[in-house]
Amino acid sequence: MTTQPIGRTHEVTNQAPPLVGHDVAEDAALLEGLRREGADWYAEDLHRLGRLAGSAQAQRWAEEANRQEPELRTHDRYGNRIDEVDFHPSYHALMDVAVREGLAGAPWAQHKPGTHVARAAGFMVWASVEQGHGCPISMTYAVVPALRAAPALAEQYEPLLTSRVYDPGLRAPLGKRGLLAGMGMTEKQGGSDVRANTTVAAAQPDGSWRLRGHKWFTSAPMNDLFLVLAQAPGGLSCFLVPRVLPDGQRNTFLIQRLKDKLGNRSNASSEPEFDDTVAWLVGAEGQGVRTIIEMVTMTRLDCILGSASGTRAALNQAAHHVRYRAAFGSRLIDKPLMRNVIADLALESEAATALALRAAGAADRALRGDDAERALLRLATAVGKYWVCKRQPAAVAEALECLGGNGYDEASGMPRLYREAPLNGIWEGSGNVNALDVLRALARGPESLAAFRAEIAAAQGGDARLDAAWRRLESDLVLTDDAELRARRLVERMALVLQGSLLVRYAPSAVADAFCGSRLAGDHGLAFGTLPGGVDFAGVLERVPALCWETTASPFGGGDGADAAG
Ligand SMILES: Cc1cc2nc3c(=O)[nH]c(=O)nc-3n(C[C@H](O)[C@H](O)[C@H](O)COP(=O)(O)OP(=O)(O)OC[C@H]3O[C@@H](n4cnc5c(N)ncnc54)[C@H](O)[C@@H]3O)c2cc1C
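Quick summary incoming for the structure in this document. Being a predicted model, the structure only gives us computed values, none of them experimental. (Residues numbered from 1 in each chain as written. Predicted model: local features only at pLDDT ≥ 70, side-chain atom pairs only at ≥ 80, totals over all residues. Heavy atoms only, no water.)

## Section: the overall build of the chain
The condition that has to hold: Runs of H or I in DSSP of at least four residues are treated as helices and runs of E of at least two as strands, each being numbered from the N terminus. In this description the radius of gyration comes from C-alpha coordinates, and the expected globular size is given by 2.2 Å times residues to the power 0.38. Accessibility here uses a 1.4 Å probe with only protein chains present; expressed as a share of the type maximum, an area under 20% marks a residue as buried, one over 50% as exposed, and anything in between as partly exposed. By definition in these notes, contact holds between two residues if any of their heavy atoms fall within 4.5 Å. What sets the accessible areas is the Shrake-Rupley method with a 1.4 Å probe; for residues, cover comes only from the shown protein chains. Charged-residue counts in this description rest on Lys and Arg as positive and Asp and Glu as negative, His and the chain ends being excluded. Lys charges are placed at NZ, Arg charges at CZ, Asp charges at CG and Glu charges at CD.
Scanning the chain from terminus to terminus reveals 19 helices and 12 strands. Since a compact globule built from 566 residues should have a radius of gyration of about 24 Å, the 24 Å found for the chain is in line with a globular shape. Dimensions of the chain, computed from C-alpha atoms along their principal axes, come out at roughly 80 × 75 × 40 Å. For the chain, buried positions account for 58% of its 566 residues. Residue pairs in contact within the chain that sit at least 24 positions apart in sequence constitute 74% of those at least 6 positions apart. Carbon and sulfur atoms make up 52% of the accessible area of the chain, which totals about 22,800 Å². Considering the chain, the positive charge centre built from 60 side chains and the negative charge centre built from 68 side chains are found 1 Å apart.

Below you can see the structure in the form of structure tokens.
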């Protein structure tokens with residue numbers, strides 16, 4: 001007599017295999033952007049990082065770093081303040097890869113053209129695994145140009161901020177093999193309006209300063225160095241605050257608590273208080289915003305890269321699922337309506353990727369002295385930060401829905417992507433603040449508008465719908481009394497025209513055509529999956545990486561993995 005093993009009531013069928021064992025960098029839009037923006041030389045390294053990002057090991061690190069959250073230890077067993085945060089070893093593993101692969105400060109020590117583009121592509125690939133640890137990595141990348149406003153400090157610390165060694169732990173900074181940096185701007189009474197900061201700074205006879213006050217959101221408090229805004233007698237100023245002083249003594253950095261955040265849970269965000277905290281002035285007294293804006297420009301670029309990466313990761317999870325999952329007799333990717341949803345998400349993602357890498361290319365060339373690119377960067381980061389970050393939550397929610405109930409389950413990884421999605425829209429200039437910043441750039445810098453105009457003109461004649469959208473937009477770029485009221489609408493249109501121009505110039509015609517028809521000519525609904533019938537769906541879908549990736553895992557009774565784009 002044969003018996004069924006206990007608990008074996010059924011066979012598991014029609015579940016997609018895990019998306020693992022692939023090369024995340026095997027991605028046409030990403031690789032073309034890398035080449036276009038001048039960093040083709042990085043492709044081999046990007047693939048190596050892409051294979052690590054697609055590995056089961058990296059996915060386990062991401063899951064563990066979020067499941068076991070950072071823990072604050074304010075005091076030691078004797079009651080002394082220690083203000084340390086413990087992280088899961090998997091967080092350290094993620095950080096180690098990011099620093100070693102040059103995603104933190106390393107590009108500033110490399111002088112090869114395309115360095116910042118290479119780093120941008122690497123950041124996008126690695127952030128697709130886990131976004132929380134990207135915060136300290138971004139801040140360390142971004143701090144370098146701001147710190148250069150204090151040449152003596154930069155001379156000491158820059159070699160360690162650009163190091164590829166991850167050396168965690170609170171020790172005298174100059175004795176470490178690599179340093180990480182953070183920023184403290186936001187206070188309880190205001191984050192966008194930093195002029196309202198109440199932390200005060202008092203000059204000392206030895207040339208240092210002492211800070212007293214609080215910050216309401218200071219992420220990665222175990223980093224070594226922070227740029228902090230405080231009110232000096234001459235006005236709001238930027239200061240360097242080390243966690244440990246040069247002589248090895250702990251500086252006063254009282255972490256009152258960690259934030260209990262919606263997402264981004266692998267990353268600690270803290271509320272520190274400063275009391276007689278030792279600091280050094282960076283830049284001129286009273287020029288705090290002008291100094292720290294050098295850091296903010298680069299973290300805003302990273303917000304675009306991070307959101308483009310999060311959108312692409314969600315698209316790939318959705319595409320992978322529908323490639324294998326069947327319903328009502330055939331695979332989901334063969335259902336016309338699901339093809340519409342995935343293709344629409346793919347357009348959004350491709351446009352975000354193109355804009356992100358174009359901004360990174362502008363940054364790279366601007367840093368090498370190209371004034372036109374610097375002018376473009378000013379507008380492209382503000383416009384891109386507004387739009388790419390704003391689209392991420394909607395796109396990720398739609399991608400999650402493609403997995404059905406499985407997408408709502410933590411094990412799918414989609415809830416983590418979803419919780420992360422609104423963050424970049426808030427940090428470093430929330431939506432409105434960014435939109436208003438675009439107005440400021442338009443009003444104050446005619447060279448930025450000229451550079452933007454030249455960028456769009458390069459695509460002129462490529463698509464009549466793009467040309468018409470630009471004509472309508474151009475006349476609205478003359479700022480009127482109600483410009484503030486209209487700012488979001490204006491910036492959205494600028495973003496779409498910029499994305500459209502990039503796709504018309506560089507993407508396959510199927511992608512550019514569908515983008516212009518839906519986003520610029522208005523043949524589209526309010527939700528994703530509302531592309532019109534004339535779209536070349538196969539042409540758009542064949543660009544979706546996860547519809548092409550070979551994974552190492554075998555399907556659990558899923559589809560045959562045949563080409564799903566055709
Ligand atoms: C996960 C996370 C990590 C963070 N890490 C850091 C960090 O490391 N360091 C740091 O300094 N900060 C950090 N922040 C704080 C973040 O930068 C601020 O929350 C952000 O700048 C907004 O400031 P606020 O919260 O004070 O909001 P507010 O400034 O009060 O803004 C609230 C809303 O009003 C809008 N608004 C503001 N001004 C205007 C206006 N003139 N017209 C119309 N609308 C307006 C904003 O767009 C926003 O939607 C972090 C935030 C998060 C969520």
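## Observations regarding the side chain of Lys259
To keep it simple, the criterion reads: Identification of polar contacts relies on pairs of N or O atoms within 3.5 Å, with a donor-acceptor requirement for protein atoms, meaning one able to donate a hydrogen and the other able to accept it, and with residues adjacent in sequence counted only if both atoms are side-chain atoms.
Mapped onto the elements, Lys259 comes out in the loop between strand S9 (254-258) and strand S10 (269-282). Given the relative accessible area of 18%, Lys259 is considered buried. A polar contact is formed between the side chain of Lys259 and the side chain of Glu271, at a distance of 2.9 Å. Apart from residues no more than four positions distant in its own chain, Lys259 is found in contact with Trp216, Phe217, Ser269 and Glu271.

## A few points about the site of the ligand
Stated precisely, the cut-off is as follows: The criterion for a residue being near a molecule or strand is simple. One of its heavy atoms has to lie within 4 Å of it. Any residue outside Ala, Val, Leu, Ile, Met, Phe, Trp, Tyr, Cys, Pro, Asp, Glu, Lys and Arg is labelled polar, Gly included; the first ten of those are nonpolar and the last four are charged.
Taken together, 20 residues are adjacent to the ligand, and Met185, Thr186, Gly191, Ser192 and Phe217 come closest. One nitrogen or oxygen atom from the main chain of Met185 is found 2.8 Å from an oxygen atom belonging to the ligand. Ser192 is positioned with one of its side-chain polar atoms (N or O) 2.5 Å from an oxygen atom of the ligand. In isolation the ligand exposes 970 Å². Once the protein is present, 68% of that is buried. Secondary-structure elements contributing two or more residues to the shell around the ligand are strand S3 (181-184), strand S6 (218-219), helix H13 (423-426) and helix H14 (431-444). Residue contributions to the shell around the ligand peak at 3 residues, all from H14. Grouping the constituent residues of the shell around the ligand by class yields 8 nonpolar, 10 polar and 2 charged.

## Some details on helix H1 (residues 28-36)
Within H1 the residues assigned to the buried category are Ala29, Leu30, Leu31, Gly33 and Leu34. Packed against the buried residues of H1 are helix H2 (43-53), helix H5 (115-127), helix H8 (288-324) and helix H9 (336-367). N-capping of H1 is provided by Asp27, with a side-chain oxygen placed 3.2 Å from the backbone N of Ala29. Phi turns positive, to about 95 degrees, at Gly38, one or two residues after H1.

## As for unusual backbone geometry
One non-glycine residue, Ala220, adopts positive backbone phi at about 50 degrees. If you trace the backbone, Ala220 turns up in the loop between S6 and strand S7 (225-232). Under the relative-accessibility criterion, Ala220 is labelled buried at 2%. Of note, Glu428 is a non-glycine position whose phi angle comes to about 60 degrees, a positive value.

## So, the packing of H9 against helix H10 (residues 371-402)
To keep things clear, this is the line we draw: Axis definition: a line fitted to C-alpha atoms, over the contacting stretch in the case of helices. Angles run 0 to 180 degrees between N-to-C directions. When describing relative orientation, an angle under 35 degrees is termed roughly parallel and one over 145 degrees roughly antiparallel, while 65 to 115 degrees is termed roughly perpendicular and anything else oblique. The crossing is said to be left-handed when, going from far helix to near helix, the turn is anticlockwise and less than a right angle, and right-handed when the turn is clockwise.
One way to put it is that H9 packs onto H10 with a least axis distance of 9 Å and a crossing angle of 155 degrees. Relative to H10, the element H9 lies roughly antiparallel. When you trace H9 past H10, the crossing you get is left-handed. Within the contact of H9 with H10, the residues separate by chemical class into 19 nonpolar, 2 polar and 7 charged.

## Remarks on H9
Filter applied, for reference: Helices are assigned an expected span. That span is 1.5 Å times one less than the residue count.
The terminal C-alpha atoms of H9, which comprises 32 residues, lie 46 Å apart, in line with the 46 Å expected from a rise of 1.5 Å per residue. Counting buried residues along H9, 28 of its 32 residues qualify, which places the element largely inside the surrounding structure. A positive backbone phi angle near 100 degrees is found at Gly369, which sits one or two residues after H9.

## Considerations on the state of the cysteines
As a reminder of what qualifies: Two cysteine sulfur atoms form a disulfide, by the criterion used here, when they sit within 2.5 Å.
Per the stated rule, a full pass over the model turns up 0 disulfides. Distance from the sulfur of Cys135, which forms no disulfide, to the nearest cysteine sulfur (Cys303) is 9.2 Å.

## A word on the packing of aromatic side chains
Where two aromatic rings form a pair, the distance of their centres and the angle of their planes describe that pair. Note the threshold: By convention, a stacked pair of Phe, Tyr or Trp rings (six-membered ring in the case of Trp) has centres within 6.5 Å and planes under 30 degrees apart, an edge-to-face pair has planes over 60 apart, and any other such pair is tilted.
Taken as a whole and assessed by the stated rule, the structure comprises 8 aromatic pairs. With centroids separated by 6.1 Å and ring planes inclined at 75 degrees, the aromatic side chains of Trp41 and Tyr42 adopt a geometry described as edge-to-face. Each ring, one from Phe452 and one from Trp470, has its centre 6.0 Å from the other, and the planes form 55 degrees; the classification is tilted. Placement of Phe452 in helix H15 (residues 446-457) and of Trp470 in helix H16 (residues 464-476) is noted, with a sequence separation of 18 residues between them. An identical accessibility class is assigned to Phe452 and Trp470; each is buried.

## Looking at the pairing of S3
Rules: The pairing criterion for strands is at least two bridges between them, as found by DSSP.
Of the two faces of S3, both are covered, the one formed by Ala181 and Met183 as well as the one formed by Gly182 and Gly184. In terms of strand pairing, S3 meets S7 through 4 bridges, oriented parallel. By the bridge assignment, Ala181 is partnered in S7 with Leu225.

## Section: the pattern of salt bridges
This is how it is decided: The term salt bridge refers to a pairing of a side-chain nitrogen on Lys or Arg with a carboxyl oxygen on Asp or Glu at a separation within 4 Å.
Under the counting rule described, the total for this entry stands at 41 salt bridges. One salt bridge connects Glu69 with Arg265, and the closest N-O pair in it is separated by 2.5 Å. Note that Glu69 is positioned in the loop between helix H3 (56-67) and strand S1 (71-75) and Arg265 in the loop between S9 and S10, a separation of 196 residues in sequence. Judged by its relative accessible area of 33%, Glu69 falls in the partly exposed class. Taking the relative accessible area as the measure of exposure, Arg265 reaches 23% and is therefore partly exposed. With a shortest N-O distance of 2.9 Å, Asp437 and Arg440 are connected by a salt bridge. Of this pair, Asp437 and Arg440 both sit in helix H14, 3 residues apart, which is roughly one turn of that helix. A relative accessible area of 6% places Asp437 in the buried class. For Arg440, a relative accessible area of 36% corresponds to the partly exposed category.

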